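Examination of the molecular architecture
Here are the chains, one letter per residue:
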Amino acid sequence: DSGVTQTPKHLITATGQRVTLRCSPRSGDLSVYWYQQSLDQGLQFLIQYYNGEERAKGNILERFSAQQFPDLHSELNLSSLELGDSALYFCASSVAPHNEQFFGPGTRLTVL
Amino acid sequence: GENVEQHPSTLSVQEGDSAVIKCTYSDSASNYFPWYKQELGKGPQLIIDIRSNVGEKKDQRIAVTLNKTAKHFSLHITETQPEDSAVYFCAASNEASGNEKLTFGTGTRLTIIP
């Protein structure tokens, strides 16, 4: 158990819908990262927050957005969902930007 | 951007033998190289990492070597056990870039044959 929690574990929804994935970092960690894992694209970095501020952006679609709240938990919002958005979404956290990243158990999103 | 290639994609070894997984990276500025183990239905678990100021690092049966000149790094698992069966990912990042994103390899499915 890495200490990173993610909810929900599974999410099934329809095309065009909007969902919110939640992540609580390890106690004391200020940095949160979101990654997408799909069969064809592998593990891809989406976005990073550090102490409430966006720090880096990767291959994140405009339909996706994220934020980190004052209590340091983070949410990833996915809207106008398409079939291709079906994937595992992982959150990772680290104490500071230049430290080891620890991953949560992931949220499996299925878009029907 | 950074590109990480990982080989082999699948690897089967007899229990007790050694396993080696290799990765190459493209960005010479990358300086942090972690390895993750992912079991079915779980998130990636950090098992070992190395920074570019070090050539080798060991932790019990696991070791990682780094060749900065050739831009490749390898994971070595000795005395393999059935619980080592999993998918292993290498990754690279440039910690001096102000962006600590990890760029992952495509993974190696390791099967330990009892």
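Presented here is a report on the structure given in the accompanying data block. Nothing here was measured: the structure is a model prediction, and the numbers come from that model. (Residues numbered from 1 in each chain as written. Chains lettered and ligands numbered in written order. Predicted model: local features only at pLDDT ≥ 70, side-chain atom pairs only at ≥ 80, totals over all residues. Heavy atoms only, no water.)

Per the secondary structure count, chain B includes zero helices and 11 strands. Each helix (α) and strand (β) of chain B, taken in turn from the N terminus, gives the series β-β-β-β-β-β-β-β-β-β-β. Over its C-alpha trace chain B gives a radius of gyration of 14 Å, about what one expects of a compact globule, namely 13 Å for 114 residues. Seen through its C-alpha atoms, chain B measures out along the principal axes to roughly 45 × 30 × 20 Å. Across the 114 residues of chain B, 47% fall into the buried class. Sequence-distant contacts, at least 24 apart, represent 54% of the contacts inside chain B between residues at least 6 apart. Total accessible area on chain B is roughly 5,500 Å²; 47% of this is exposed by carbon and sulfur atoms. Across chain B, the 11 positively charged side chains and the 14 negatively charged ones have centroids separated by 3 Å. (Helix = DSSP H or I, 4+ residues; strand = E, 2+ residues; numbered from the N terminus. Rg over C-alpha atoms; globule rule 2.2 N^0.38 Å. Buried < 20%, exposed > 50% of the residue type's maximum accessible area, 1.4 Å probe, protein only. Contact = heavy atoms within 4.5 Å. Areas by Shrake-Rupley, 256 points an atom, 1.4 Å probe, with all protein chains shown as cover. Lys, Arg positive; Asp, Glu negative; His and termini not counted. Charge placed at Lys NZ, Arg CZ, Asp CG, Glu CD.)

Turning our attention to the nonpolar core. Core analysis: the biggest nonpolar cluster contains 24 residues, and Trp35(B), Phe73(B), Leu75(B), Tyr88(B) and Leu110(B) have the highest contact counts within it. Elements with a minimum of two residues in this core: strand S2 (10–14), strand S3 (19–25), strand S4 (32–38), strand S5 (45–51), strand S7 (62–67), strand S8 (72–77), strand S9 (86–92) and strand S11 (108–113) of chain B. Those residues in contact with Leu75(B) that lie beyond four places of it in its chain are Ala19(B), Val20(B), Ile21(B), Trp35(B), Ile47(B), Ile48(B), Ile62(B), Ala63(B) and Tyr88(B). By size, the runner-up hydrophobic cluster in this structure holds 21 residues, among which are Cys23(A), Ala87(A), Cys91(A) and Leu109(A). (Core = buried A, V, L, I, M, F, W, Y, C linked by side-chain atoms within 4.5 Å.)

Residue and element names in this part refer to chain B. Pairing is antiparallel in the open sheet, where five strands are placed in the order S1-S3-S8-S7-S6. Every interior strand has two partners, whereas the edge strands, strand S1 (4–7) and strand S6 (56–59), have only one. Strand-to-strand twist in this sheet, taken as the mean axis angle between neighbours without regard to direction, amounts to 15°. For S3 and S8, the ladder comprises six bridges, and the chain directions are antiparallel. Paired with Val20 across the two strands is His76, which belongs to S8. (Pairing = 2+ DSSP bridges. Axes fitted to C-alpha atoms, helices over the stretch in contact; angles between N-to-C directions.)

Moving on, we come to the pattern of salt bridges. In a structure, side chains of opposite charge can pair up when their charged atoms sit close to one another. All names here are of chain B. A complete count under the given rule lists 11 salt bridges over all chains for this structure. A salt bridge links Lys42 to Glu39, with the nearest nitrogen and oxygen atoms 3.7 Å apart. For Glu39, a relative accessible area of 28% corresponds to the partly exposed category. As a salt-bridge pair, Asp84 and Arg61 come within 2.9 Å of each other at their nearest N and O atoms. Taken together, the positions of Asp84 in the loop between S8 and S9 and Arg61 in the loop between S6 and S7 put the pair 23 residues apart, joining distant regions of the chain. (Salt bridge = Lys/Arg side-chain N within 4 Å of Asp/Glu carboxyl O.)

None of the figures reported here should be taken as evidence of function without further support.
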